[in-house]
There are 2 protein chains.
Amino acid sequence: MAPFIATTSAPVNIACIKYWGKRDTKLILPTNSSLSVTLDQDHLRSTTTSRADPSFKEDRLWLNGVEENIKSGGRMATCISEMKRMRKELVEDVDASAPKLSTFSVHIASYNNFPTAAGLASSASGFAALTASLAALYALPSPPTTLSLIARQGSGSACRSLLGGFVAWNAGELASGLDSNAVQVAPESHWPDIHALICVVSDTKKGTSSTSGMQRTVETSALLQHRIKHCVPQRMADISAAILARDFDRFAEITMADSNQFHAVCLDTAPPIFYMNDVSRAIIAVIEEYNRVALLPENGGKRKAAYTYDAGPNAVIYAPAANIKEIISLIIHYFPQQDAFKDPFGLFGTAGVGSGALVSGFNESVAKTWEAGAVKGLIHTRVGGGPRVLGPEESLLGDNGLPLKTV
Amino acid sequence: MAPFIATTSAPVNIACIKYWGKRDTKLILPTNSSLSVTLDQDHLRSTTTSRADPSFKEDRLWLNGVEENIKSGGRMATCISEMKRMRKELVEDVDASAPKLSTFSVHIASYNNFPTAAGLASSASGFAALTASLAALYALPSPPTTLSLIARQGSGSACRSLLGGFVAWNAGELASGLDSNAVQVAPESHWPDIHALICVVSDTKKGTSSTSGMQRTVETSALLQHRIKHCVPQRMADISAAILARDFDRFAEITMADSNQFHAVCLDTAPPIFYMNDVSRAIIAVIEEYNRVALLPENGGKRKAAYTYDAGPNAVIYAPAANIKEIISLIIHYFPQQDAFKDPFGLFGTAGVGSGALVSGFNESVAKTWEAGAVKGLIHTRVGGGPRVLGPEESLLGDNGLPLKTV
């Protein structure tokens, strides 16, 4: 009999309307809705292979080749048991001939194709890949929005990585969390022109974890409730409309405002939480100046880029594809690179980026030129699709049920 | 006949509840009340000499020896003309024998005893000294709260420098601004134990001016109105009660929360405004750790210091006198000084501060050790009194009506 095995990959997503605060820490129910762009798995992805076998003694999981301890009642155990429950209810209880995979232990191997040192949160793509691979293994008939309820319990923002394009995570109202799911606002094919440049920023200090940080904000910020009740609902509606209208100017305005407001409520926390550092601030100054020039009537009067920052110093800059070459040149002007820019879209040809050029009318003094390494690397990617089921040649588990790849 | 001349000094004040936003930019009426500590003029002060003389052709003003252009309708012209109006109404119209000083031009010389490079706002002490010196010259019977209405029109926070100790600036409600004045919550003698350590932080970048920055926040921040309506009124009441009860723990908690909330609404502005830099953030981390240790039950369970930041990267650390030696040692541990600490209170004796010591139980890793010069200097001062009328030996104007001192 062929082994019961499935391999999937899942994408990273970066929010435009930020998730910050839980109303239920066990079920991971958020205090507000959020919205993100799913990034292309051709560049950044988590890949996961799941195998169920009656010979396995217990559920085991390896992350980047290192075995993790699946704690009972922990987030990984919750996702695995919830997926087994769905297998039983939706498949085995319906079709008596279906193998009783829900009774077998599973071995799971997961691998991120981006280094941990990049400072990109891997929990979103990782839990999305875990959920998607178990859904494939168990042949669940469930759509991504249903699966998002499970991924959410692994890591909140993971629910948004189960769909491609532009994805909203509804806060929901039910205590059960059954309405706190991810839905697609628009597929990547609606607006494929949205590209992203990730600026990996060096940081000497380990920041506050988002799990503990967001609850400190919920407990101490005097501004958070106003954000939740009055700012986010309007922004969710406005940015969804901007996406449907492919209105980048409005998309950028809201994205930057919400990134800044998220960091503002972090600062309004006791003790205050800082994720951005002086390099992050300098990137903001460069993009704000770039937009100031673009907003001049003679230059078209519309924003050309949008920065956003998650719980760390890295910038993600969203922009229409046509602007990315200019933006990379600007960033490299202020933040010289130690390593040559990897140019996946071939923007710069064989000559490379060079020392970085400014655009006409740009006020150079908005930032200083930093030492090489202040921005450690640049990753150019774009909006992309949801999880993919991969062929057996991509399996991370060998015939012996143990990881093939060690990192 | 003796010349009509008066010299006064006025103090710096540093707010615990921050002023940010005007409801009337001409009259300088704020969107919210604020509260500050007046600092001792023995250390930081502006001194101003005003002279009225029938031979003077026009109103002239020298700041640190350099003549300023008194623009018609500008803030200095407004203060001078308002003070002349008060002279006429309160003195000359009441006592026909009083010299008609309101009809003479004035020469005014002002001098700050702290360098501009220190990054301390000199407009508050400067406009307070201007107002106080004209009030002395004109022999006005007006109490400081009345004079504060004039100083406020020069620079909003100047109104608080007309009183010593702990001073509230009432936002007021009248369109005329007649109820937007400064009142003393408690004199310096009520709580003389409050000391302050100013950490002068080096910054490479000129920040946004507070005048333009606060209006950008009023126009674009989605959080500011919530701060104004719901946070500040309660904090004004709570910190006033803490001051009257000499409750430093509560005073510190509110002061730090309000500094952080002020910078949060700056960040919630479009484009965002940043005044604190990585050095400012590191000082916050050190003081938060100092308080974390102090808040342990075995250490007394109360905060021992409070940081606050105005529209720039400098920290002001308030603390009871007994803690300042420990705090200076901590700061110097992380921020080595290029120049020896000037020790006005003789805390360290002839041996000096040395390399800076940590307190027991302190987690050293909350910040890195910075290069010398990141904190350019430390100024130790304390709560102090309101403006002082000085003797003729302190005059900044010579017999010829021109400045004696050039800087």
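Residues numbered from 1 in each chain as written. Chains lettered and ligands numbered in written order. Predicted model: local features only at pLDDT ≥ 70, side-chain atom pairs only at ≥ 80, totals over all residues. Heavy atoms only, no water.

(A) Region of interest: the overall build of chain A. Check the secondary structure of chain A and you find eight helices and 16 strands. For a compact globule of 407 residues, the expected C-alpha radius of gyration is about 22 Å, and chain A comes in at 22 Å, within 12% of that figure. Along the first, second and third principal axes, the C-alpha atoms of chain A reach 70 × 50 × 40 Å. Taking all 407 residues of chain A together, 58% fall into the buried category. A separation threshold of at least 6 residues defines the contact pool for chain A, and within that pool the share at least 24 residues apart is 76%. Total accessible area computed for chain A in this model is approximately 15,900 Å², and 53% of it derives from carbon and sulfur atoms. Once the 37 positive and 38 negative side-chain charges of chain A are each reduced to a mean point, those two points are 3 Å apart. (Helix = DSSP H or I, 4+ residues; strand = E, 2+ residues; numbered from the N terminus. Rg over C-alpha atoms; globule rule 2.2 N^0.38 Å. Buried < 20%, exposed > 50% of the residue type's maximum accessible area, 1.4 Å probe, protein only. Contact = heavy atoms within 4.5 Å. Areas by Shrake-Rupley, 256 points an atom, 1.4 Å probe, with all protein chains shown as cover. Lys, Arg positive; Asp, Glu negative; His and termini not counted. Charge placed at Lys NZ, Arg CZ, Asp CG, Glu CD.)

(B) How the structure looks around the state of the cysteines. Residues and elements named next belong to chain A. The tally for this structure, following the rule as stated, stands at zero disulfides over all chains. Left unpaired, Cys199 is separated from the closest cysteine sulfur, that of Cys16, by 15 Å. Free of any disulfide, Cys266 has its nearest cysteine sulfur in Cys231, 15 Å distant. (Disulfide = S-S within 2.5 Å.)

(C) Spatial organisation of the nonpolar core. Ile283 and Tyr318 of chain A together with Ile283 and Tyr318 of chain B are the most contacted members of the largest nonpolar core, which totals 176 residues. Each residue touching Ile283 of chain B, except ones within four places of it in the same chain, is listed here: Cys199, Val201, Tyr309, Ala315, Ile317, Ile331, Phe335 and Val375 of chain B. (Core = buried A, V, L, I, M, F, W, Y, C linked by side-chain atoms within 4.5 Å.)

(D) Spotlight on the UniProt feature "domain: Mvd1 C-terminal" (unreviewed entry) in chain A. Mapped onto the present numbering, the UniProt feature "domain: Mvd1 C-terminal" (unreviewed entry) falls on residues 196–390 of chain A. Here residues 196–390 of chain A runs as 41% helix and 14% strand, with 25 Å between its end C-alpha atoms. (UniProt positions renumbered as here; feature names shortened; annotations may be inferred.)

(E) Local environment of the environment of Trp20 of chain A. Residues and elements named next belong to chain A. Along the polypeptide, Trp20 turns up in the loop between strand S2 (13–17) and strand S3 (22–24). Measuring from C-alpha to C-alpha, the distance between Trp20 and Lys302 comes to 29 Å, with 282 residues separating the pair along the chain. Among the polar contacts made by the side chain of Trp20, one reaches the side chain of Thr217 at a distance of 2.9 Å. (Polar contact = N/O pair within 3.5 Å; in protein donor to acceptor, adjacent residues only side chain to side chain.)

(F) Broad picture of the packing of aromatic side chains. As enumerated under the stated definition, the model contains 26 aromatic pairs over all chains in all. A ring pair is formed by Phe4 of chain B and Phe104 of chain B, whose centres lie 6.4 Å apart and whose planes are at 45 degrees; its orientation type is tilted. Pair noted here: Phe4 of chain B is in strand S1 (residues 4–11) and Phe104 of chain B is in the loop between helix H1 (75–92) and strand S9 (105–112), with a separation of 100 residues, a long-range link. We note that Phe4 of chain B, like Phe104 of chain B, is buried. An aromatic cluster of three or more residues is present, and its members are Phe166, Trp191, Phe248, Phe251 and Tyr318 of chain A. Cation over ring: Lys368 of chain A sits above Trp370 of chain A, and NZ or CZ is 4.2 Å from the ring centre. (Phe/Tyr/Trp six-rings, centres within 6.5 Å; stacked < 30°, edge-to-face > 60°. Lys NZ or Arg CZ within 6 Å of the ring centre and 35° of its normal.)

(G) Just the domain arrangement of chain A, in detail. Residues and elements named next belong to chain A. The domain architecture assigned to chain A consists of domain 1 (4–189 + 388–394) and domain 2 (194–382). For domain 1 versus domain 2, the separation of C-alpha centres amounts to 27 Å. Listed per partner, the contact involves 31 residues of domain 1 and 45 residues of domain 2. Between domain 1 and domain 2, a total of about 2,900 Å² is buried, with carbon and sulfur atoms accounting for 70% of that surface. Looking only at domain 1, the three residues that lose the most surface to domain 2 are Ile17, Lys18 and Trp20, adding up to 29% of its buried area. (Domains from an automatic or database assignment. Buried area = accessible area lost by both parts, 1.4 Å probe.)

(H) Geometry of helix H2 (residues 123–137) of chain A. Residues and elements named next belong to chain A. Along its 15 residues, H2 runs 21 Å from first to last C-alpha, staying within 8% of the 21 Å computed at 1.5 Å per residue. Counted residue by residue, H2 has 13 buried out of 15 residues, so it is predominantly covered. In the stretch just after H2, Ala139 is the one whose phi turns positive, near 50 degrees. (Expected span 1.5 Å × (residues − 1).)

(I) A look at the packing of helix H5 (residues 224–244) of chain B against helix H6 (residues 248–267) of chain B. Residues and elements named next belong to chain B. As a packed pair, H5 and H6 sit with axes 10 Å apart at the nearest point and diverge in direction by 160 degrees. When the interaxial angle is binned, H5 and H6 end up roughly antiparallel. Considering the relative orientation of H5 and H6, their crossing is left-handed. The segment H5 lies against H6, with Leu224, Arg227, Cys231, Arg235, Asp238, Ile239, Ala242 and Ile243 engaging Arg250, Phe251, Ile254, Thr255, Ala257, Asp258, Gln261 and Val265. Of the residues contributing to the contact of H5 with H6, the split by class is nine nonpolar, two polar and five charged. (Axes fitted to C-alpha atoms, helices over the stretch in contact; angles between N-to-C directions. Parallel < 35°, antiparallel > 145°, perpendicular 65-115°, else oblique. Left-handed = near helix turned anticlockwise from the far one by under 90°. Nonpolar A, V, L, I, M, F, W, Y, C, P; charged D, E, K, R; others polar.)

(J) A look at the relation of the copies chain B and chain A. Rotating chain B by 180 degrees and translating it 0.0 Å along the rotation axis places it on chain A, where the RMSD comes to 0.0 Å. The two molecules are tied by a two-fold rotation axis, judged by turn and shift. Closest approach to the rotation axis within chain B is made by the C-alpha atom of Ala264 of chain B, at a distance of 2.1 Å. Both copies share a contact surface, since 100% of the interface residues of chain B are interface residues in chain A too. (Least-squares fit on C-alpha atoms with pLDDT ≥ 70 in both.)

(K) Representation of the interface of chain B and chain A within the structure. Across the contact, 26 residues belong to chain B and 27 residues belong to chain A. Surface buried jointly by chain B and chain A totals about 2,200 Å² across both partners, of which 65% is contributed by carbon and sulfur atoms. Taken together, the connections running from chain B to chain A amount to zero salt bridges. Run the count over chain B and chain A and you get seven residue pairs in polar contact (both at pLDDT 80 or more). Mapped onto the side of chain B that touches chain A, the elements with two or more residues apiece are H5, H6 and helix H7 (278–294) of chain B. Residue contributions to the side of chain B that touches chain A peak at six residues, all from H6 of chain B. (Salt bridge = Lys/Arg side-chain N within 4 Å of Asp/Glu carboxyl O.)

(L) Structural context of the packing of H1 of chain B against helix H3 (residues 144–154) of chain B. Residues and elements named next belong to chain B. The N-to-C vectors of H1 and H3 enclose an angle of 155 degrees; their axes lie 7 Å apart at closest approach. Overall, the two elements H1 and H3 adopt an arrangement that is roughly antiparallel. Residue-level contacts link Arg75, Thr78, Cys79, Glu82, Met83 and Met86 of H1 to Thr146, Leu147, Ile150, Gln153 and Gly154 of H3. Residue composition of the contact of H1 with H3, grouped by class: five nonpolar, four polar and two charged.

(M) Representation of the sheet that holds strand S2 (residues 13–17) of chain B within the structure. All names here are of chain B. Across the sheet, four strands lie side by side as S2-S5-S10-S11; this open sheet has antiparallel pairing. Among the strands making up the open sheet, the edge pair consists of S2 and strand S11 (182–186). Neighbour to neighbour, the strand axes of the sheet diverge by 35 degrees on average, direction disregarded. Both strand S10 (residues 166–169) and S11 contribute to a ladder of four bridges, which runs antiparallel. When the sheet's bridge partners are listed, Ala168 is paired in S11 with Val183. (Pairing = 2+ DSSP bridges.)

(N) Highlighting unusual backbone geometry. Residues and elements named next belong to chain A. Each neighbour pair has its own omega, and for Ala270 with Pro271 the value is -15 degrees, a cis peptide bond. Take Pro271: it is sitting in the loop between helix H6 (248–267) and helix H7 (278–294). Of note in this structure, Ile28 is not a glycine but carries a positive phi near 55 degrees. Assignment of secondary structure puts Ile28 in the loop between S3 and strand S4 (29–30). The buried category is assigned to Ile28, whose relative accessible area is 1%. The phi dihedral of Asn64 falls on the positive side, at around 50 degrees, and the residue is not glycine. With respect to the secondary-structure elements, Asn64 resides in the loop between strand S7 (60–63) and strand S8 (66–68).

(O) View of the pattern of salt bridges. Scanning all chains against the criterion turns up 40 salt bridges over all chains. Arg388 of chain B is the partner of Asp42 of chain B in a salt bridge, and the nearest nitrogen-oxygen pair spans 3.3 Å. In this pair, Asp42 of chain B is assigned in the loop between strand S5 (34–38) and strand S6 (45–53) and Arg388 of chain B in strand S16 (residues 388–390), connecting sequence segments 346 residues apart. Classification of Asp42 of chain B as partly exposed rests on a relative accessible area of 46%. A residue is classified by how much of its surface remains accessible, and Arg388 of chain B, at 35% relative accessible area, is partly exposed. Among the ionic pairs, Arg51 of chain B bridges to Asp53 of chain B, the shortest N-O distance being 3.4 Å. For Arg51 of chain B, a relative accessible area of 11% gives the class buried. A residue is classified by how much of its surface remains accessible, and Asp53 of chain B, at 15% relative accessible area, is buried. Within this structure, Asp238, Asp249, Arg250, Glu253 and Arg303 of chain A form a network of salt bridges that share partners.

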